Amino acid sequence: MKVGTGTCSRRQFVASAMMAIGAAALGGARPAWSQRDALDPRTLRIAAETSGIDIHNHIDVPLTGAGMLGPDLDLKGEMQRAGLSAICMTFATDYQPGDAYGRFLNALAAMDHQLQHNGMKRSLTVADLAAARRNSQPTVIQAVEGAHFLEGHLERVEEAYGRGLRHLGLLHDSDATVPLGDVYTNVPRLGGLTAFGASVIQECNRLGILVDLAHANVQTTEMALKQSRRPVLISHTGLDTQPGSDARMAQMMRPRLIGKAQARMVADRGGAVGVWTRLSKTPLEYATNIRAMVDVIGVDHVCIGTDTKLIPAAPDHAAQQPPHVGDSTNGAWVNQRAGFYFLVVDAMLKTGFTSGEIEKIGRGNYLRIFGEAVG
């Protein structure tokens, strides 16, 4: 599905992207995302026409403390540099123990502030996403990774919906105080999806919130698919047949990869899998990982879900999550010399993808599923 692909919109997007590139190039030392080296006009045109959506991008904001709103972030600028028209703006509340609900409310308040600072709005529907693209305005879909903030209170799903949440990851690294299902990196102990997890999925279906099964083990995924009346996502992972060339990283990240059967069961129900940039040392290797997923579940069921951060971690996260190469969206690869999505489009073209396939993976597949989920 294509939304807002009029000539005027494409020209505006290309113009704004090239203006950002030019402004950076004039600013002394060249930043890592500068386009001066070299992407051909076809790559830039297709990047503008497909205007990518990253379906799992972390924006770390302070969740506690006196400086709760945090420093002002250049969210809009980083998105334009990346070549992304939208991101699923994600945070998690299980980095610290206790009061996940309080941290959830604080995070939303901090994100309200950052969006206001950047002159941006959350997109609550596909029509909102189309309007933002038509007006060449970067936008976000509000997401949270892990439903820890619910703490057993089902009514908080509707409260979160009222605050703009439209993309809910049921699970994260640790179990919630009232668990929702077995996490794939932990020893199974819940028998898959819990009764509370099932009720949360049903409530998301009722309200119009897209359910994300990232971090769910196979049994939890199977059970969740039986509960959901709408397509679901696994927003950020990779195939366990694509562990990458770094043996240490491959061993560490292997538990977070999924098998072909798990990917197919999501696609068979109309959903999609987002391919992350982890375990790819270059854009070409990333495009190869995307190709591997397409070969398993088809081009209509693959998205881009980087699990990177457009903005560096906030101070209260830094001690918990030390930065390393690959954390940053516009620094996903060593010596990255162009914005993220521009490089991905370039690599996908070199890997044999057509512009139509790039549009589906870069944007269209998520739009279709988001539309079916939010109504």
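Below is a short write-up of the structure. Being a predicted model, the structure only gives us computed values, none of them experimental.

## Describing the overall build of the protein chain
Moving on, step 1. For the protein chain, the helix and strand inventory stands at 14 helices and nine strands.
Moving on, step 2. Across the 375 residues of the protein chain, 58% fall into the buried class.
Moving on, step 3. Long-range pairs, those at least 24 residues apart, make up 74% of the contacts in the protein chain with a sequence separation of at least 6.
Moving on, step 4. About 14,300 Å² of surface is accessible on the protein chain, with carbon and sulfur atoms providing 54% of the total.

## Side note on empty space enclosed by the protein
Moving on, step 1. Scanning all chains against the criterion turns up four cavities of 30 Å³ or more.
Moving on, step 2. Reported here for the second largest cavity is a volume of approximately 60 Å³.
Moving on, step 3. Residue classes in the lining of the second largest cavity are distributed as six nonpolar, four polar and one charged.

## Structural notes on the pattern of salt bridges
Moving on, step 1. Going through the model one piece at a time under the given rule, you end up with 15 salt bridges.
Moving on, step 2. We note a salt bridge from Asp 327 to Arg 278, for which the minimum N-O separation is 3.3 Å. Note that Asp 327 is positioned in the loop between helix H12 (315-318) and helix H13 (340-350) and Arg 278 in the loop between strand S7 (272-275) and helix H11 (283-297), a separation of 49 residues in sequence. The exposure classification of Asp 327 matches that of Arg 278, with both residues buried.

## A short note on the packing of H11 against H13
Moving on, step 1. As a packed pair, H11 and H13 sit with axes 8 Å apart at the nearest point and diverge in direction by 65°. Where H11 crosses over H13, the two elements pack in a sense that is right-handed. In this structure, H11 uses Pro 283, Leu 284, Tyr 286, Ala 287 and Ile 290 to contact H13, whose residues at the interface are Phe 340, Leu 343, Val 344, Ala 347, Met 348 and Lys 350.

## Quick notes on the pairing of strand S1 (residues 52-58)
Moving on, step 1. Burial within S1 is extensive, with seven of its seven residues counted as buried.
Moving on, step 2. Taken together, the five bridges between S1 and strand S2 (residues 84-91) define a ladder with parallel strand orientation. The residue bridging Asp 54 from the neighbouring strand is Ile 87, located in S2.
Moving on, step 3. Strand direction decides the pairing type here: S1 and strand S9 (residues 308-309), joined by two bridges, are parallel. The partner of Asn 57 across the bridge, within S9, is Thr 308.

## Examining the environment of Ile 87
Moving on, step 1. Note on placement: Ile 87 falls in strand S2.
Moving on, step 2. Spatially, the C-alpha atoms of Ile 87 and Gln 142 are 8.5 Å apart, while their sequence positions differ by 55 residues.
Moving on, step 3. Residues within four places of Ile 87 in sequence aside, it is in contact with Asp 54, Asn 57, Ile 59, Leu 75, Met 79, Thr 139, Val 140, Ile 141 and Leu 310.

## Regarding the side chain of Asp 307
Moving on, step 1. Of note, Asp 307 is situated in the loop between strand S8 (302-304) and S9.
Moving on, step 2. Every residue in contact with Asp 307, bar those within four places of it in the chain, is listed here: His 56, His 58, His 236, Trp 276 and Arg 278.

## As for the side chain of His 56
Moving on, step 1. Here His 56 is to be found in strand S1.
Moving on, step 2. Judged by its relative accessible area of 2%, His 56 is buried.
Moving on, step 3. Engagement of the side chain of His 56 in a polar contact is seen with the side chain of His 58, the distance being 3.2 Å.
Moving on, step 4. Excluding anything up to four places from it in sequence, His 56 contacts Cys 88, Thr 90, Glu 145, Ser 235, His 236, Gly 305, Thr 306, Asp 307 and Thr 308.

Parameters at a glance
Residues numbered from 1 in each chain as written. Predicted model: local features only at pLDDT ≥ 70, side-chain atom pairs only at ≥ 80, totals over all residues. Heavy atoms only, no water. Helix = DSSP H or I, 4+ residues; strand = E, 2+ residues; numbered from the N terminus. Buried < 20%, exposed > 50% of the residue type's maximum accessible area, 1.4 Å probe, protein only. Contact = heavy atoms within 4.5 Å. Areas by Shrake-Rupley, 256 points an atom, 1.4 Å probe, with all protein chains shown as cover. 1 Å grid on protein atoms, 1.4 Å probe; cavity = no way out; pocket = protein on both sides within 12 Å on 5 of 7 lines; lining within 4 Å. Points joined across faces, edges and corners; volume = space filled by probe spheres on them. Nonpolar A, V, L, I, M, F, W, Y, C, P; charged D, E, K, R; others polar. Salt bridge = Lys/Arg side-chain N within 4 Å of Asp/Glu carboxyl O. Axes fitted to C-alpha atoms, helices over the stretch in contact; angles between N-to-C directions. Left-handed = near helix turned anticlockwise from the far one by under 90°. Pairing = 2+ DSSP bridges. Polar contact = N/O pair within 3.5 Å; in protein donor to acceptor, adjacent residues only side chain to side chain.

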